[in-house]
Every structure is written in structure tokens, then in C-alpha cells.
Amino acid sequence: MPGSVWTYLFLSVVIAFSAFPLYWMFVIATNTDEALAKIPPQVLPGGQLVTNLREVFSMQDVFFLQSLGNSVIVSSVVTASVLFFCSLAGFAFAKLRFKGRNALMVMVVLTMTVPNQLGVVALYILMGRMPGEGGWNGTLLAVIVPGLVTAFGVFYMRQFILDAVPDELVEAARMDGASTMRIFWSVVVPAVRPAMAVLGLLTFVATWNEFQWPLITLGGTDYPTSMVALSDLASGNYVLYRRVLAGALVATLPLLVMLFVGGRQIVRGIMEGAVKS
Amino acid sequence: MSTTRAAPETPRPGRDSGATASRRDRPYEPGPWRTRLHRFDMRYVPYLLIAPFFLLFAVFGLFPIVFNGVVALRHWRLDDPTLTGWAGLENFRRLFTDDDFFNALSNTFGIFLLSTVPQLLLALVVASLLNRKLRAQTWFRVGVLLPYITPVTASTLIFSVVFARDTGIANWALSLLGIGETAPIDWRSAKWSSWIAIATMVNWKWIGYNALLYLAAMQSIPRDVYEAAAVDGAGPWRQLWRITVPMIRPVVIFTVVLSTIGGLQLFTEPMLFDANPALGLGGDDGQWQTVAQLIYKVGWRDLNLGYAAAMSWALFLVILLVAAINALITNRLGGGRK
């Protein structure tokens, strides 16, 4: 069915509704306190962005820059690890024969439905018992290590490798004497780059946005992740929202860039994952 | 030293025998060391490839949930490490008489209903519009994903400002419609208003994502089914309910289960809607305190990890129950077999 004028109109309203909070964040992040107290509300961006940003980054009790740096470290390490380990496992499940393969794959799918969040109390205790002074709580390890693999990643890579890598190609490489790891690097990885791009984007976004577990394990430390730092910015009796939202703007920007650059891939990735699951 | 390839001790069926046969054509014959290496590669390397996933998941995913059950049966206080030991069912018994828990549970359900139902209905409508032949198709699809990639932390702080009593744009917009002109709505003061505000945030975030899931399923419905329905005089609305929804039922059930699991664990939105987020109170009287928030408060503010673990186990069971009931209802609504 071709789209009518009403279709376009309704969809435009949906897009406007989706974009409005982001626009509003920008409006507030660029204005002064006086402008924000006005009624009717200020609806246009002001010229205070640099001032507000400078305030965020120079705050004494919230180390926003370092927290951003931590977010970059955590998200990059987790993304790289998920891509590597989940592609390896996905390759094994899709193209290698071994005893118990099907049963183990069913386990992977089942683990996708386990809500990790409900184990936070025990996870916190476990992290406290990890080797090292005082365990891992309060360190980036506590946030990074539980994210190193995801069941969704294994599932997603397996689905893609099933179709994208022909069995004949794997066989041919074996006959040429290639080891399994060699086949992975020279045959599988080049063929699944698009899927890795999608999984990488989705993993990065999810890790960057994580809040509950980082709050529990890093809350109260000087250098948490940027999401926890944002909640610190918004705590207290006298909160300056132009400052909070200037910080939120900075913490959202990398993801907006990702959507801008890889939007088409992210859309395709979500839709492909949906059809097959 | 023999250059002939050692015969496999036990001939293995299937693909391996084929590989052995074709290897005979090759001019180069591997030595015994290479053969052993090859056998190791074929037999054990697959397990090495999947081992990192299972090991990490077992330690940091599965174990905590099981161990949570043990913690729930013990006294476990962060401020007094000596106060440990078996508590039996004490933590669970306490749960049944805890007004805070039942308040949080009813808040969670209230917000869950206000967010899930409109969210999935609107996602259906948006998806069916996106499924039409559109110009700038990609642009629209990427556009509806804006909320999905926005950190909940950031968007909740924005909505906090939008729903401010005196200077918020929500009240200003309502006053243009003649609502609350004399006394602006204090969104945080009452249950109903805070639930609506939080549900709005959840709806905002997930409509586009769910719409894409529906759209993916809709694209496999053959066009001529709609053409036949149109000839029979079915309008777009009827087509959506009578054709589209039944035909994409698996995905609808999937999203219902997914949003049940997510909705009942709601944490970030209620936390940051508060003026003092780190306390986990959910309003002065806990108007919008969710169970996940209460778990945080009991565990890391009151430092009673044992009781918090019991709560999270109770929540886990509630989620399983509700997800199962929802899947069942959805299956029937969509015209599934009775």
C-alpha cells in the first residue's frame, strides 16, 4: 500500500515525538538559569553551551571527564570481547561438528531469557570475593568482566554464519590444510564483517547506557562510568539542570554519531534478529 | 620414520570419512605429529571456541542467580559482617508482611500496564505505516530508533525537566489546552501522575524498537492477502487486526514477554525521576517506588543484602508467572489454537 499524506503526517509526528526530548536537552544545555525559569518556556537554543560544559567538566565533586573516559574503556573492551568470543562460539555452533552441539545451543538460547539483573545482590558479593585488595567492587573490572560475552551475541553470529559462510568453503580450506583457527580468521571473519559491525554497534550502545549494575558497584567512587556520573550531577538539593543536561548531551553524543553513521546497519540488525528469533 | 598416515583407530561416520577419502589425492602426506594435531583440532578445538562463553556465563550470569537463593536464606548485612548465618525462610516470611514491598509491587504493576499496553499498540500502528511504500524509508526507520539509542539516564533527566511543576513544558502544553491552568499538575506528588510520567518515558523509549520488530515480521506477509481483503471491503484498521496481527503472532508474543521482563524490572526511570536519586525512595511516600528500586534501597542503603536477595527472588518468580500468563493471553487474542 503506498503511503498517503496521512501516513507521512503521522510518521512525522512520531519522529518529532522521538526527537523532541533530545532537542529539549539541547535547548536546556545551551541556556542560562534565567532563560529556563521563564513562562512560556524558552523554546530556542541559547548561547551558553560552552559555559555550561566548562562548569560540568570543572566540578569539584563529580569527575565527569574521567567518568567519560571510563565509559569509553568499558564499552570498547566489552565490545571487542563480545565480537571476538561470540564470533568464535557462533562459528563453532554454525559450522563445526562436535558432540552435544545442539543441546549446548539450546542452552545458549535459554540463557538469553535469564534476567541477569535479578542476580545483582549475589554478583556484588561475588565481586567482593574476587582476588585483589577488597575484591573487584568499585573497580572497572566489576563492570567489564560480566559483559565480556553475551548469549545474544553467540546466537546472532551463529545465525549469520550459517547463511554467510558456505560449508564448501570451510571444507575446501580444511583440505588445504588450514586449522580451525586459520579458517576462522581467513574465511569466517571476512565473510561476517557486516554482522560484526551490527553486533558491535548494538553492544557498544547497550554497554554505554548500562546504569543499574555500574551504580551498585561503582556508585560512591570518584570515577564511575558517565551514566553514574550523570546521576551524581542530578543529586543534591540544588541541582542546576542546564549543567546536568549539558553533561547528558556529552554522554549521548557518541551514540548519536553512531546512529548517524551506522543507522541503516542498526535497523537492519534489529530487523534480522527479529525475524529469526 | 613412516611417512604414511596412521589410520584412525575408529572410523568415524559422516563428514570425516569423506574428508579422509579426498585427502588421499593430495601429494603431501602429513606426519604423525601433524595428524595428532589435526585430530585435536577437529575434536577439541570446537569446545575451546565455545568455552569462553560458557565459563564466563556460568560464573557471572548463572551462578549469581543461584547463589542469590542461598543469600536469601541467610542473614547478610553489609554493615555487620559478623551477623551472618542461616535465616531459613525468615526473609521470605518478612516479605509477606512488608507494606513497602506490596506498595512497590503495585507501583511496578501500575507503571507496567500504563507503559506496555500503549507501547505495543502504538508500535503496531507505527509498524503498519512503515510497511507502506514510502519515500525516505530509511530516514523514518532510523528516526524511530532515536529513543532506543538514547541512554535512559539522559532521557529520564530530560523528562524530569519536562515534567517539572512550575516551569515544565508538559504543564505549559496542558495549560494551552486549558488543563490545570489555575493549579499546575505536581507530577511527582501523586501516584497516578507520577506513574503516567514514568510510563511516558518507557513508552517513548520502546515504541520505535518494537515497531521495527513488527515491521520485520510484517514484511513476510504476502501483499495479495491484503489486496483480497481490500476487495472484500476491509479497511486499514480491520486489516491490521484481522490479518496483520494474527500473521505476526510469534513476534507479538516475543515482544509481550520481552516487555514484561523489562517492565517489571524498571529501575533507571523511577530512580532518576526523584529529586534525590541515590536514595531509591521513589517519591516522599514511595508513590512510584518500584520493586527493583526497593531492592537497591534495602540492599545498599539499609545494607541488608539477605533481605534484598529474597526480594529479587520473589520478583523473579512474579516475572516468570506474569510472562507466562501474558504469552498465553496474547496467543489466544491473536486467534491461536485454544
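Residues numbered from 1 in each chain as written. Chains lettered and ligands numbered in written order. Predicted model: local features only at pLDDT ≥ 70, side-chain atom pairs only at ≥ 80, totals over all residues. Heavy atoms only, no water.

Colleague: I'm lost on the overall build of chain A in this one. Help?
Modeller: Across its full length, chain A carries 14 helices and zero strands. Sequence-ordered secondary structure for chain A, helices as α and strands as β, is α-α-α-α-α-α-α-α-α-α-α-α-α-α. Taken along its principal axes, the extent of the C-alpha atoms in chain A is 75 × 65 × 30 Å. Within chain A, the proportion of its 277 residues that are buried is 53%. Sequence separation of at least 24 residues holds for 69% of the intrachain contacts in chain A that already meet a minimum separation of 6. (Helix = DSSP H or I, 4+ residues; strand = E, 2+ residues; numbered from the N terminus. Buried < 20%, exposed > 50% of the residue type's maximum accessible area, 1.4 Å probe, protein only. Contact = heavy atoms within 4.5 Å.)

Colleague: Even after reading the chapter, I still don't get the packing of aromatic side chains, so can you show me in this structure?
Modeller: Working definition: an aromatic ring pair is given by the centre-to-centre distance plus the angle between the planes. This model, assessed by the stated rule, comprises 35 aromatic pairs over all chains. Summarising the aromatic geometry, the rings of A:Phe184 and A:Trp185 are spaced 5.4 Å apart at their centres and angled 70° between planes, so their arrangement reads as edge-to-face. Assessed through its relative accessible area of 48%, A:Trp185 is described here as partly exposed. Taken together, a centroid distance of 6.1 Å and an interplanar angle of 25° make the contact between B:Tyr296 and B:Trp300 stacked. Placement of both B:Tyr296 and B:Trp300 in helix 15 (residues 291-301) is noted, with a separation of four residues, approximately one turn of the helix. In this pair, the class of B:Tyr296 matches that of B:Trp300, namely buried. Three or more aromatic residues joined by ring pairs make a cluster, and in this case those are A:Phe93, A:Phe98, B:Tyr47, B:Phe53, B:Phe54 and B:Phe57. The positively charged end of B:Arg188 is found above the aromatic ring belonging to B:Phe273, 4.2 Å away from the centroid. In this arrangement the basic side chain of B:Lys205 is found over the ring face of B:Trp206, its NZ or CZ atom lying 5.5 Å from the centre. (Phe/Tyr/Trp six-rings, centres within 6.5 Å; stacked < 30°, edge-to-face > 60°. Lys NZ or Arg CZ within 6 Å of the ring centre and 35° of its normal.)

Colleague: Whenever I open this one, the interface of chain B and chain A confuses me. Can you help?
Modeller: Interface extent is often summarised as the accessible area lost during association of the parts. Listed by partner, the interface residues are 91 residues for chain B and 104 residues for chain A. Across the interface of chain B and chain A, roughly 8800 Å² is buried in total on both sides, 78% from carbon and sulfur atoms. If you look at where chain B meets chain A, you find one salt bridge. With a shortest N-O distance of 3.7 Å, B:Asp41 and A:Arg174 are connected by a salt bridge. When its residues are assigned to classes, the side of chain B that touches chain A shows 66 nonpolar, 15 polar and 10 charged. (Buried area = accessible area lost by both parts, 1.4 Å probe. Salt bridge = Lys/Arg side-chain N within 4 Å of Asp/Glu carboxyl O. Nonpolar A, V, L, I, M, F, W, Y, C, P; charged D, E, K, R; others polar.)

Colleague: What is the right way to look at the environment of B:Leu78 in this model?
Modeller: Its location among the elements puts B:Leu78 in the loop between strand 1 (74-76) and strand 2 (84-86). Expressed as a C-alpha distance, the spacing of B:Leu78 and B:Ile325, which sit 247 residues apart in the sequence, is 37 Å.

Colleague: Which parts of the structure should I look at to understand the confidence of the model for chain B?
Modeller: Segments scoring low in pLDDT should not have their predicted coordinates read at a detailed level. Residue and element names in this part refer to chain B. For chain B, per-residue confidence averages 86 on the pLDDT scale, and 90% of positions sit at 70 or higher. Within chain B, helix 1 (residues 15-23) has the poorest average pLDDT of any element, 47, and helix 7 (residues 146-149) the best, 96. Low pLDDT (under 50) marks residues 1-21, which in the prediction has 14 contacts with non-local residues, meaning those over four places away or in another chain. At the level of chain-chain contacts, confidence expressed as ipTM amounts to 0.91, with global pTM at 0.89. (pLDDT = per-residue confidence, 0-100.)

Colleague: In this structure, what is going on with the packing of helix 4 (residues 64-95) of chain A against helix 3 (residues 45-72) of chain B? I would like to understand it.
Modeller: When two helices pack together, their arrangement is captured by the angle between the axes and the distance separating the axes. Where helix 4 of chain A contacts helix 3 of chain B, the axes come no closer than 8 Å and their chain directions differ by 135°. The pairing of helix 4 of chain A with helix 3 of chain B is recorded here as oblique in orientation. For the pair helix 4 of chain A and helix 3 of chain B, the crossing hand works out as left-handed. From helix 4 of chain A, A:Phe85, A:Leu88, A:Ala89, A:Phe91, A:Ala92 and A:Phe93 reach across to helix 3 of chain B, where they touch B:Pro46, B:Leu49, B:Ile50, B:Pro52 and B:Phe54. Here the contact of helix 4 of chain A with helix 3 of chain B is built from residues that sort into 11 nonpolar, no polar and no charged. (Axes fitted to C-alpha atoms, helices over the stretch in contact; angles between N-to-C directions. Parallel < 35°, antiparallel > 145°, perpendicular 65-115°, else oblique. Left-handed = near helix turned anticlockwise from the far one by under 90°.)

Colleague: Please clarify how the side chain of A:Ser81 should be interpreted in this entry.
Modeller: Here A:Ser81 shows up in helix 4. Apart from the residues lying within four places of it in its own chain, the contact partners of A:Ser81 are A:Cys86 and A:Leu148.

Colleague: Teacher, can you tell me more about unusual backbone geometry here?
Modeller: What is expected of a backbone is that most residues other than glycine have negative phi and most peptide bonds are trans. Residues and elements named next belong to chain B. Positioned with a positive phi, Ala136 is a non-glycine residue whose angle comes to about 50°. Within the chain, Leu303 stands out as a residue other than glycine whose phi angle is a positive 60°. With respect to the helices and strands, the residue Leu303 is situated in the loop between helix 15 and helix 16 (305-333). Leu303 sits in the partly exposed class, given a relative accessible area of 25%.

Colleague: Mind showing me how you'd approach a nonpolar patch on the surface here?
Modeller: All names here are of chain B. On the surface, a cluster of nonpolar side chains totalling about 530 Å² of accessible area is made up of Leu113, Val117, Leu121, Trp237 and Trp241. Broken down by element, the nonpolar patch gets its largest block of residues, three residues, from helix 5 (residues 99-130). Tracing the sequence through the fold places Leu121 in helix 5. (Patch = residues over 30% accessible without salt bridge, like charges linked within 9 Å, V, L, I, M, F, W, Y side chains within 5 Å. Areas by Shrake-Rupley, 256 points an atom, 1.4 Å probe, with all protein chains shown as cover.)

Colleague: Any chance you could explain the side chain of A:Arg242 here in plain terms?
Modeller: Residues and elements named next belong to chain A. With respect to the helices and strands, Arg242 occurs in helix 14 (residues 241-276). Look at Arg242 and you get buried, because its relative accessible area is 9%. In terms of polar contacts, Arg242 uses its side chain to reach the side chain of Asp33, at 2.8 Å. Residues in contact with Arg242, not counting those within four places in the same chain, are Ile28, Ala29, Asn31, Thr32, Asp33, Leu36, Asn52 and Glu55. (Polar contact = N/O pair within 3.5 Å; in protein donor to acceptor, adjacent residues only side chain to side chain.)

Colleague: In this structure, what is going on with helix 10 (residues 191-218) of chain B? I would like to understand it.
Modeller: For an α-helix, 3.6 residues make a turn, and residues three or four places apart therefore share a direction. Residues and elements named next belong to chain B. Here helix 10 is 28 residues long and its end C-alpha atoms lie 38 Å apart, about the 40 Å a rise of 1.5 Å per residue gives. At Trp206, helix 10 shows its largest bend, some 35°. Most of helix 10 sits inside the fold, with 23 of its 28 residues counted as buried. (Expected span 1.5 Å × (residues − 1). Bend = angle between axes of the 7 residues up to and from the residue.)

Colleague: Would you mind going over the pattern of salt bridges with me for this structure?
Modeller: Side chains that carry opposite charge are capable of pairing whenever their charged atoms lie near each other. For the coordinates displayed, the defined rule picks out seven salt bridges over all chains. Put simply, B:Asp166 and B:Arg165 hold a salt bridge, and the shortest N to O gap is 3.2 Å. B:Lys297 serves as the salt-bridge partner of B:Asp302, at 3.1 Å between the closest nitrogen and oxygen. Connected through shared salt-bridge partners, A:Asp33, A:Glu55, A:Arg242 and A:Arg243 make up one network.

Colleague: Which parts of the structure should I look at to understand the packing of helix 2 (residues 32-43) of chain B against helix 3 of chain B?
Modeller: Residues and elements named next belong to chain B. Between helix 2 and helix 3, the shortest axis-to-axis distance is 4 Å and the interhelical angle comes to 45°. Compared by their axis directions, helix 2 and helix 3 come out oblique. Contacts between helix 2 and helix 3 pair Phe40, Asp41, Met42 and Arg43 from the former with Val45, Pro46, Tyr47 and Leu48 from the latter. For the contact of helix 2 with helix 3, the per-class residue count stands at six nonpolar, no polar and two charged.

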